[in-house]
Amino acid sequence: MGEVPFRAHMTLHPDHLWIWRKAVYVDENQRTWLPISIETESSLQVLMRQEDIPLGEALRPSQLSPSLLPLMWQLYPGQRYRGSDSSFWRIVYHLEFSGIEDMLLEQLPDPE
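Everything in this summary refers to the structure shown in the same document.

## Thoughts on the pattern of salt bridges
Link 1 in the chain: Within the structure shown, the criterion is met by four salt bridges.
Link 2 in the chain: For E101, the salt bridge is made with R31, and the minimal N-O distance between the two is 2.9 Å. With E101 in strand 9 (residues 100–107) and R31 in the loop between strand 3 (24–27) and strand 4 (32–39), this pair connects stretches of sequence that are 70 residues apart.
Link 3 in the chain: Salt-bridge contacts for E106 lead to R90; the nearest nitrogen and oxygen are separated by 2.8 Å.

Encoded structure:
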């Protein structure tokens, strides 16, 4: 039996992610990202999967329903993003495997 090589590699983080429409974010290179929110008692995480989908019309923030996720993320030093709502999100991992790019973000507690 031959071994199947495991090929996963780290990739560059998007500088910005903007909400485009419900459950679709777009980065500075017009790549689309689909969020999956994971809420536990102690934290909020979001798995961002880069998947190419037709963009269609962008929605204004007033047209979107309330969400736990910010309207925009900006990459900050220290492997984290800052949300448009001033929240900070730690990059748990960001990798590409078999052509699928995933980035897991975890919301950091508010500094007191």
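## What to know about the side chain of S43
Link 1 in the chain: Locating S43 in the fold gives a position in the loop between strand 4 and strand 5 (44–50).
Link 2 in the chain: Note on S43: relative accessible area 19%, which makes it buried.
Link 3 in the chain: Not counting residues within four places of it along the chain, the set of residues in contact with S43 comprises I38 and E106.

## Focus: the pairing of strand 8 (residues 88–97)
Link 1 in the chain: In this structure, strand 7 (residues 80–83) lies alongside strand 8, joined through three bridges in antiparallel fashion. Across the sheet, residue Y81 finds its bridge partner in strand 8, namely W89.
Link 2 in the chain: Connecting strand 7 to the antiparallel partner strand 8 that follows it, the hairpin turn spans four residues, and S86 within it adopts a positive phi of roughly 75°.
Link 3 in the chain: As judged from the eight bridges shared by strand 8 and strand 9, these two strands associate in the antiparallel manner. Within strand 9, the residue paired with E96 across the bridge is E101.

## Overview of the packing of aromatic side chains
Link 1 in the chain: Counted by the stated rule, this structure contains three aromatic pairs.
Link 2 in the chain: Ring centres of Y25 and W73 lie 5.0 Å apart, and the angle between their planes is 40°; this geometry places the pair in the tilted category. Of this pair, Y25 sits in strand 3 while W73 sits in strand 6 (residues 72–76), and the two are 48 residues apart along the sequence. Like W73, Y25 is buried.
Link 3 in the chain: Taken together, a centroid distance of 5.6 Å and an interplanar angle of 90° make the contact between W73 and W89 edge-to-face.

## Regarding unusual backbone geometry
Link 1 in the chain: The residue S86 is not glycine, and still its phi comes out positive at about 75°.
Link 2 in the chain: Here S86 shows up in the loop between strand 7 and strand 8.
Link 3 in the chain: Of note, S98 is a non-glycine position whose phi angle comes to about 55°, a positive value.

Rules used throughout
Residues numbered from 1 in each chain as written. Predicted model: local features only at pLDDT ≥ 70, side-chain atom pairs only at ≥ 80, totals over all residues. Heavy atoms only, no water. Salt bridge = Lys/Arg side-chain N within 4 Å of Asp/Glu carboxyl O. Helix = DSSP H or I, 4+ residues; strand = E, 2+ residues; numbered from the N terminus. Buried < 20%, exposed > 50% of the residue type's maximum accessible area, 1.4 Å probe, protein only. Contact = heavy atoms within 4.5 Å. Pairing = 2+ DSSP bridges. Phe/Tyr/Trp six-rings, centres within 6.5 Å; stacked < 30°, edge-to-face > 60°.

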